[in-house]
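Residue-level structure breakdown
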Amino acid sequence: MIGVSQFRGLMANRQVVRTLVERDLRVRYAGSVLGWVWTVLDPLLMALIYLVVFTVIFQARRGGHQPYFLHLVTGLFLWQWFAQNMTETSRALLSEARLVRSANLPRELWVVRVVLAKGVEFVLTLPVIAAFTIFYMITGQTKLHWTIVLLPVSLVLTFLLSVGIGMILAPVTVLVNDMARVVRIVLRLGFYATPVLYSADMAPPVLQKLLLFNPMSGILELFRSGFFKGEMNILSVSSAIVLTVILLFVGSIVFKRLEPAVLKEI
Amino acid sequence: MAKPVIEVRNLGIEFYRSRRRRMSLREMVLKRQNSAPSETFWALRNISFDVARGEAVGLVGGNGSGKSTLLRMIAGVMLPDEGHAKVRGRVAPLIELTGGFLGELTARENVYLAAGLHGLTKEQIDARFDEIVDFAGPQVQAGMDMPFRHFSSGMQVRIAFALITTLDQPVVLVDEVLAVGDRAFREKCYERMENMLSGGKTLFLVSHSEHDLRRFAERGLYLASGQLKSDGPIDEVIAQYNADADADAAS
């Protein structure tokens, strides 16, 4: 089966993946913690802005889970990882063209490596989420629910989903010039089409049905569940799992099919 | 009989004549039916040959005859549209030597990265690190912790050559890289190539230099406009290539 042989090739080269991820992180954190600060600062500032806009200016009576700031922080951090995965994987083959051309490695590796490196960055920001959670727990505004143990599952799903879509984006961007622009626009729309600022149950029933087709919606549901009441929309989560598997499968087929053409262009 | 190290069967690869890409999203997802009559040409077609272990093969042909493309497909960094090129064992590609190197990292980091990309573990690189630096020469040795882009292009190539030839892989592909480096280093390169050959490595060499070809290769392959024109002892193949070139020049 096509996905299995690709997985084997990646596992055989996990040493190389590790080297590349380490290099990415070294370049990013070259000698200082400033890299980490940037990763954290962006979503934190955005969370602050949205908090002001929705609770102070619009005076929304309820905006997603409460406390709303924790709702924003959890959503924005995870979304940032996913969004960066999309922009970076779409460039994955082009930006490393010289390496791709000179080393005979499974080409999927270039996609996986980007998602992994961004994933490590994301995991390094988890203490910030933890700090806010502890703060809100001490002030009695929230308490952890057992579903927090499902949080790693949501991270694995984000990883697999990103690899799946990345395997479509990376080769297509090589062959179609304006793909990078398309990705940017779709991401901006996707941000609002994903319950980052709001929660899915606030949407009218029709839109809730539409949200079932957005895998990030279900993944976010799973990710946030433990921080808030521990409820989750099982339908939305299962839909996300199914979509992730489908996209992973489609991605590996598209990648294999486009690979020869990509190598000629690169 | 032992299986050939390099096995090429009915190899063909097709390129677009224009740079314009005609791929549409619909075409990619569905099959490539109804694709617009875009002009393509076969850079290589119906190429078949075997190379046995320890053989040294020189590839001859004019510009644009598909030599480098063939080498890339043997190296596995380009995929054929027809047939296959199978290599038993890993390949040390002396093609685009500094391709795996990054300007912003130090030379030391680059050696670890590039060797890692070619499948060496950290321990293996540790063991061979000194050998690589020694070969690259004293000027390089002094600057191993300097950003790679601060090296002169000649020095960059030296490190890359030293690295790839130290990989100790059974098949060595060479694309015109012997022309680089100063005279002293070139002699060192020649020596190392000869050592590799006598050590039982399989060599596949692309060159326009008759001198290099005769020095290293025993067998020649002659490519002309994407076809394999002849396959025989290197002297005969070079003679045929020269005769064709002269005939072209005369007409």
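Residues numbered from 1 in each chain as written. Chains lettered and ligands numbered in written order. Predicted model: local features only at pLDDT ≥ 70, side-chain atom pairs only at ≥ 80, totals over all residues. Heavy atoms only, no water.

Some remarks on the overall build of chain B
Looking only at helices and strands, chain B has nine helices and nine strands in total. For chain B, the residues scored as buried account for 49% of the 251 residues in total. Expressed as a percentage of contacts within chain B between residues at least 6 apart in sequence, the contacts between residues at least 24 apart total 72%. (Helix = DSSP H or I, 4+ residues; strand = E, 2+ residues; numbered from the N terminus. Buried < 20%, exposed > 50% of the residue type's maximum accessible area, 1.4 Å probe, protein only. Contact = heavy atoms within 4.5 Å.)

What to know about the pairing of strand β5 (residues 91-94) of chain B
Residue and element names in this part refer to chain B. Across the two faces of β5 the burial is the same, with Val 91 and Pro 93 and Ala 92 and Leu 94 all buried. Bridge count for β5 against strand β6 (residues 171-175) is four bridges, and the pairing is parallel. In the sheet register, Val 91 faces β6, and the bridge partner there is Val 171. (Pairing = 2+ DSSP bridges.)

Looking at the sheet that holds strand β9 (residues 227-233) of chain B
Residues and elements named next belong to chain B. Strand order in the open sheet formed by six strands is β5-β6-β7-β3-β8-β9, with mixed pairing between adjacent strands. Each edge of the open sheet carries a strand with a single partner, namely β5 and β9. Direction aside, neighbouring strands of the sheet carry axes that sit 15° apart on average. Pairing of strand β3 (residues 56-60) with strand β7 (residues 202-206), which is carried by four bridges, proceeds in the parallel orientation. Across the sheet, the residue bridging to Val 57 is Phe 204, located in β7. Sitting on the sheet, helix α2 (residues 67-75) touches β3, β5, β6, β7 and β8 (219-224), and the angle it makes with β6 is about 155°. (Axes fitted to C-alpha atoms, helices over the stretch in contact; angles between N-to-C directions.)

Regarding the packing of helix α7 (residues 151-175) of chain A against helix α8 (residues 179-192) of chain A
All names here are of chain A. Running from N to C, α7 and α8 point in directions that differ by 140°, and their axes come no closer than 8 Å. Compared by their axis directions, α7 and α8 come out oblique. Between α7 and α8, the contacting residues are Leu 169, Val 172 and Thr 173 on the first element and Met 179, Ala 180 and Val 183 on the second. Of the residues belonging to the contact of α7 with α8, the class tally is five nonpolar, one polar and no charged. (Parallel < 35°, antiparallel > 145°, perpendicular 65-115°, else oblique. Nonpolar A, V, L, I, M, F, W, Y, C, P; charged D, E, K, R; others polar.)

A short note on a nonpolar patch on the surface
Residues and elements named next belong to chain A. Taken together, the side chains of Leu 34, Trp 38, Leu 41, Leu 45 and Leu 48 make up a nonpolar region of the molecular surface, amounting to roughly 480 Å² of accessible area. By the element assignment, Leu 45 lies in helix α3 (residues 34-57). Exposure remark for Leu 45: the relative accessible area of 44% places this residue in the partly exposed category. (Patch = residues over 30% accessible without salt bridge, like charges linked within 9 Å, V, L, I, M, F, W, Y side chains within 5 Å. Areas by Shrake-Rupley, 256 points an atom, 1.4 Å probe, with all protein chains shown as cover. Salt bridge = Lys/Arg side-chain N within 4 Å of Asp/Glu carboxyl O.)

Topic: the interface of chain A and chain B
Each side of the interface is counted separately: chain A has 28 residues, and chain B has 33 residues. Where chain A abuts chain B, roughly 2800 Å² becomes buried across the two surfaces, and 57% of that area is made up of carbon and sulfur atoms. On inspection of chain A and its partner chain B, the count reaches one salt bridge. When the shortest N-O distance is used, the salt bridge between Lys 264 of chain A and Asp 81 of chain B registers 2.6 Å. Taken together, the links from chain A to chain B amount to five residue pairs in polar contact (both at pLDDT 80 or more). Of all the secondary structure elements, the ones that give two or more residues to the side of chain A that touches chain B are α2 (14-28), α5 (97-102), α7 and α11 (234-265) of chain A. The leading source of residues in the side of chain A that touches chain B is α11 of chain A, at seven residues. The residue inventory of the side of chain A that touches chain B, partitioned by class, reads 15 nonpolar, four polar and nine charged. (Buried area = accessible area lost by both parts, 1.4 Å probe. Polar contact = N/O pair within 3.5 Å; in protein donor to acceptor, adjacent residues only side chain to side chain.)

Points about the packing of aromatic side chains
Following the criterion strictly, the structure yields 22 aromatic pairs over all chains and no others. The interplanar angle of 75° and the centroid separation of 5.2 Å between the aromatic rings of Phe 135 of chain A and Tyr 136 of chain A together place this pair among those described as edge-to-face. The exposure class assigned to Tyr 136 of chain A is buried, which follows from its relative accessible area of 10%. A cation over an aromatic ring shows up here: Arg 45 of chain B above the ring of Trp 42 of chain B, its NZ or CZ 3.8 Å from the ring centre. (Phe/Tyr/Trp six-rings, centres within 6.5 Å; stacked < 30°, edge-to-face > 60°. Lys NZ or Arg CZ within 6 Å of the ring centre and 35° of its normal.)

Description of the domain arrangement of chain B
Residue and element names in this part refer to chain B. Parsing chain B into structural domains produces domain 1 (1-89 + 170-251) and domain 2 (100-169). Counting residues at the interface gives 13 residues for domain 1 and 12 residues for domain 2. Summed over both partners, the interface of domain 1 with domain 2 comes to about 1100 Å²; 64% of that surface belongs to carbon and sulfur atoms. Together, Phe 185, Lys 188 and Arg 192 form the three largest contributors to the area buried by domain 1 at its contact with domain 2, with a combined 52%. Contributing elements (two or more residues each) for the side of domain 1 that touches domain 2: β6 and α7 (183-198). Considering each element in turn, the side of domain 1 that touches domain 2 owes the most residues, six residues, to α7. Of the residues assigned to the side of domain 1 that touches domain 2, the class counts are nine nonpolar, no polar and four charged. (Domains from an automatic or database assignment.)

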